[in-house]
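Report on the structure
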Protein chains: 2
Amino acid sequence: MREIFSEELADLHVRFSEMGMLVNEAVYNSVKAFVNHDRELALEVIQNDEAINGREVDIEKRSFEMIALQQPVTSDLRMIVTIMKASSDLERMGDHAVSIAKSTIRVKGNTRVPEIEEDIAAMADVVKQMVEDVLDAYVKKDAQRARDIAQQDQQVNAAFKTIYDKCINEMQRDPETVVGSTDYMLVGTYLERVGDYVTNICEWIVYLKTNKLTELNVNNQETM
Amino acid sequence: MREIFSEELADLHVRFSEMGMLVNEAVYNSVKAFVNHDRELALEVIQNDEAINGREVDIEKRSFEMIALQQPVTSDLRMIVTIMKASSDLERMGDHAVSIAKSTIRVKGNTRVPEIEEDIAAMADVVKQMVEDVLDAYVKKDAQRARDIAQQDQQVNAAFKTIYDKCINEMQRDPETVVGSTDYMLVGTYLERVGDYVTNICEWIVYLKTNKLTELNVNNQETM
């Protein structure tokens, strides 16, 4: 029984990591599509979201069955609960990638502002690194690393603030850029939310180690 | 044992409903503060968020202990897992109320557009009703009602689209309104997200009844 449980738990970890990699790819590609005005890639991101949602349902189902059939306690149970919670966070990160992809399809043809697009690409790079790091920290159950990753979210929030300010300036300067700049701003908010979800997952990793639910970056989600 | 479990489960339901009412109040007050330019009320919403977060941690802890100590199966377990998941959704709805409250504090002094503020208030009324209804449907485990509530989210999305269009027009017409209209748009996105979270909770209610994770309003979260 115990051995079966360990195997199933290891399998659940693999599935969670795989889902994480799919989400990371979706976020990365959605921004890549956005700054390169690549509608094909944007459509691909939208189509792939179904697979991500399917992964969540699968993880959910397996977690539930493991709890029901094997009745794990303490750290094993905590591990499974964490995966259930964190997979919801991943799924929502995927939804934000879809939102960014939809912006790409919508934005085509508007006046563009290369400088802001570069800022968005740079912001996306930080977010991508955070997503990769959090998956790694999760696999290694590294609570200290999780705390460090959560700190990086301040960088993401600062990047959003910069993009916000530039968009405001741009829109005030030239009404032609209003539609495009609004899209930049919305894409910025989506990326910022992805950073918040990474912070949530960091909190789950800390929870695994400490058995305490801690809010990392308390002022984080409320920055804008 | 069984009796203790029933009592604890009933207690968990009460706590979940109470948390839901706090969140509903936060969302409602944040919009009220926003349209009435009421900084005091906005600050209150921000301060009260800590209590909402505390509720989530408390529900989390109790759920976990119930699973670990009483090892429930099938429908009992499903109920507890649902509460754990849905309380995360509630907590994030609270975070959005805080974001709206922060917009109120930020927006003071900008040129305002009464027509758009009325639209936001009307959108908030729909969202408020949805939150109330979903808590009620949850208590009654009414899956059909949950499906109906999820449908209303289309109305919320349509309301956001209207606000979006008006903000764009306004910003193009008068650069003075750029900062204010951007805030209207962001508040609109927060309310739209709250609607998405209500839809999530609807999905959990359907799950309780059917044992199936179904995506209600598949195109919902990706509308903008």
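What you see is a predicted model; the values in this text were computed from it and never measured.

Observations concerning the overall build of chain A
- Check the secondary structure of chain A and you find 6 helices and 0 strands.
- What you see in chain A, going N to C, is helices and strands ordered as α-α-α-α-α-α.
- Relative to the 2.2 N^0.38 estimate, which gives 17 Å for 224 residues, the radius of gyration of chain A is 19 Å and therefore close to what a compact globule would have.
- Dimensions along the principal axes, computed over C-alpha positions, put chain A at roughly 65 × 35 × 20 Å.
- Residue burial in chain A is summarised as follows: out of 224 residues, 58% are buried.
- Long-range pairs, those at least 24 residues apart, make up 82% of the contacts in chain A between residues at least 6 apart in sequence.
- Here chain A displays about 8,800 Å² of accessible surface, and carbon together with sulfur accounts for 50% of that area.

Things to note about the relation of the copies chain B and chain A
- The two copies are related by a screw motion: chain B maps onto chain A through a turn of 180 degrees and a shift of 0.0 Å along the axis, at an RMSD of 0.0 Å. Such a turn and shift between the copies fits a two-fold axis. In terms of C-alpha distance to the rotation axis, chain B has Gln71(B) as its closest residue, with the C-alpha 3.0 Å off the axis.

Description of the packing of aromatic side chains
- Per the stated rule, a full pass over the model turns up 10 aromatic pairs over all chains.
- With a centroid separation of 4.5 Å and an interplanar angle of 45 degrees, the aromatic rings of Phe16(A) and Tyr138(A) are classed as tilted. Of the two residues, Phe16(A) sits in helix α1 (residues 2-35) while Tyr138(A) sits in helix α4 (residues 114-140), which places them 122 residues apart along the sequence. The same class applies to Phe16(A) as to Tyr138(A), namely buried.
- Each member of the aromatic cluster is reached from another via a ring pair, and the members are Phe64(A), Trp204(B) and Tyr207(B).
- Stacked on the ring of Phe34(B), the Lys or Arg Arg112(B) has its end atom at 5.7 Å from the ring centre.

Topic: the packing of α4(A) against helix α5 (residues 143-173) of chain A
Residues and elements named next belong to chain A.
- At their nearest, the axes of α4 and α5 sit 10 Å apart, and the two run at 165 degrees to each other. Looking at the two axes, α4 sits roughly antiparallel to α5. The handedness of the crossing between α4 and α5 is left-handed.
- Grouping the amino acids of the contact of α4 with α5 by side-chain chemistry returns 15 nonpolar, 3 polar and 8 charged.

Description of the interface of chain B and chain A
- Contact with chain B, which involves 49 residues of that partner, is made by 49 residues of chain A.
- Taken over both partners, the interface formed by chain B and chain A buries close to 4,400 Å², and the fraction arising from carbon and sulfur atoms is 57%.
- Counting across the chain B and chain A interface gives 6 salt bridges.
- For Glu56(A), the salt bridge identified is with Lys85(B), shortest N-O distance 3.9 Å.
- For the pair chain B and chain A, the number of links is 12 residue pairs in polar contact (both at pLDDT 80 or more).
- Contributions of two or more residues to the side of chain B that touches chain A are made by α2 (39-70), α3 (74-107), α5 (143-173) and α6 (178-210) of chain B.

Structural notes on the pattern of salt bridges
- Counted under the stated rule, the structure contains 38 salt bridges over all chains.
- The salt bridge partner of Asp165(B) is Lys161(B), with a shortest N-O separation of 3.0 Å. Of this pair, Asp165(B) and Lys161(B) both sit in helix α5, 4 residues apart, which is roughly one turn of that helix.
- Overall, Lys161(B) belongs to the partly exposed group, its relative accessible area being 39%.
- Put simply, Asp11(A), Arg15(A), Asp58(A) and Arg62(A) are held in one network by salt bridges that share partners.

A look at α4(A)
- Its 27 residues place the ends of α4(A) 39 Å apart at the C-alpha level, agreeing with the 39 Å of an ideal helix rising 1.5 Å per residue.
- Looking one or two residues past α4(A), Lys141(A) carries a phi angle of roughly 50 degrees, positive in sign.

Comments concerning helix α2 (residues 39-70) of chain A
Residue and element names in this part refer to chain A.
- For α2, built from 32 residues, the straight-helix expectation of 46 Å at 1.5 Å per residue is met to within 8% by its first-to-last C-alpha distance of 47 Å.
- Helix geometry: α2 is bent most strongly at Asn-48, by close to 25 degrees.
- You can read the cap of α2 off the contacts: a side-chain oxygen lies 3.2 Å from the backbone nitrogen of Glu-40, and it is on Asp-38.
- One or two positions beyond α2, positive phi appears at Gln-71, with a value near 40 degrees.

Considerations on the confidence of the model for chain A
- Mean pLDDT over chain A: 90, with 95% of residues reaching 70 or higher.
- Ranking the helices and strands of chain A by mean pLDDT puts α5(A) first, with 95, and helix α3 (residues 74-107) of chain A last, with 91.

As for the environment of Gln152(A)
Residues and elements named next belong to chain A.
- Structurally, Gln-152 is set in helix α5.
- For the pair Gln-152 and Glu-117, spaced 35 residues apart in sequence, the C-alpha to C-alpha distance is 21 Å.
- With residues near it in sequence (within four places) discarded, Gln-152 still touches Met-130 and Asp-133.

Considering the packing of α1(A) against α2(A)
All names here are of chain A.
- Remark: α1 packs on α2, axes separated minimally by 10 Å, with the N-to-C direction vectors making an angle of 160 degrees. Considered as vectors, α1 and α2 are oriented roughly antiparallel to each other. With respect to the hand of their crossing, α1 and α2 are arranged in left-handed fashion.
- Broken down by class, the residue content of the contact of α1 with α2 amounts to 16 nonpolar, 4 polar and 9 charged.

A closer look at the nonpolar core
- Met93(A), Ile120(A), Leu191(A), Met93(B), Ile120(B) and Leu191(B) are the most contacted members of the largest nonpolar core, which totals 148 residues.
- Excluding residues that lie within four positions of it along the chain, Ile120(B) makes contacts with Val31(B), Phe34(B), Ile163(B), Tyr184(B), Val187(B) and Leu191(B).

Definitions and limits used
- Residues numbered from 1 in each chain as written.
- Chains lettered and ligands numbered in written order.
- Predicted model: local features only at pLDDT ≥ 70, side-chain atom pairs only at ≥ 80, totals over all residues.
- Heavy atoms only, no water.
- Helix = DSSP H or I, 4+ residues; strand = E, 2+ residues; numbered from the N terminus.
- Rg over C-alpha atoms; globule rule 2.2 N^0.38 Å.
- Buried < 20%, exposed > 50% of the residue type's maximum accessible area, 1.4 Å probe, protein only.
- Contact = heavy atoms within 4.5 Å.
- Areas by Shrake-Rupley, 256 points an atom, 1.4 Å probe, with all protein chains shown as cover.
- Least-squares fit on C-alpha atoms with pLDDT ≥ 70 in both.
- Phe/Tyr/Trp six-rings, centres within 6.5 Å; stacked < 30°, edge-to-face > 60°.
- Lys NZ or Arg CZ within 6 Å of the ring centre and 35° of its normal.
- Axes fitted to C-alpha atoms, helices over the stretch in contact; angles between N-to-C directions.
- Parallel < 35°, antiparallel > 145°, perpendicular 65-115°, else oblique.
- Left-handed = near helix turned anticlockwise from the far one by under 90°.
- Nonpolar A, V, L, I, M, F, W, Y, C, P; charged D, E, K, R; others polar.
- Buried area = accessible area lost by both parts, 1.4 Å probe.
- Salt bridge = Lys/Arg side-chain N within 4 Å of Asp/Glu carboxyl O.
- Polar contact = N/O pair within 3.5 Å; in protein donor to acceptor, adjacent residues only side chain to side chain.
- Expected span 1.5 Å × (residues − 1).
- Bend = angle between axes of the 7 residues up to and from the residue.
- pLDDT = per-residue confidence, 0-100.
- Core = buried A, V, L, I, M, F, W, Y, C linked by side-chain atoms within 4.5 Å.

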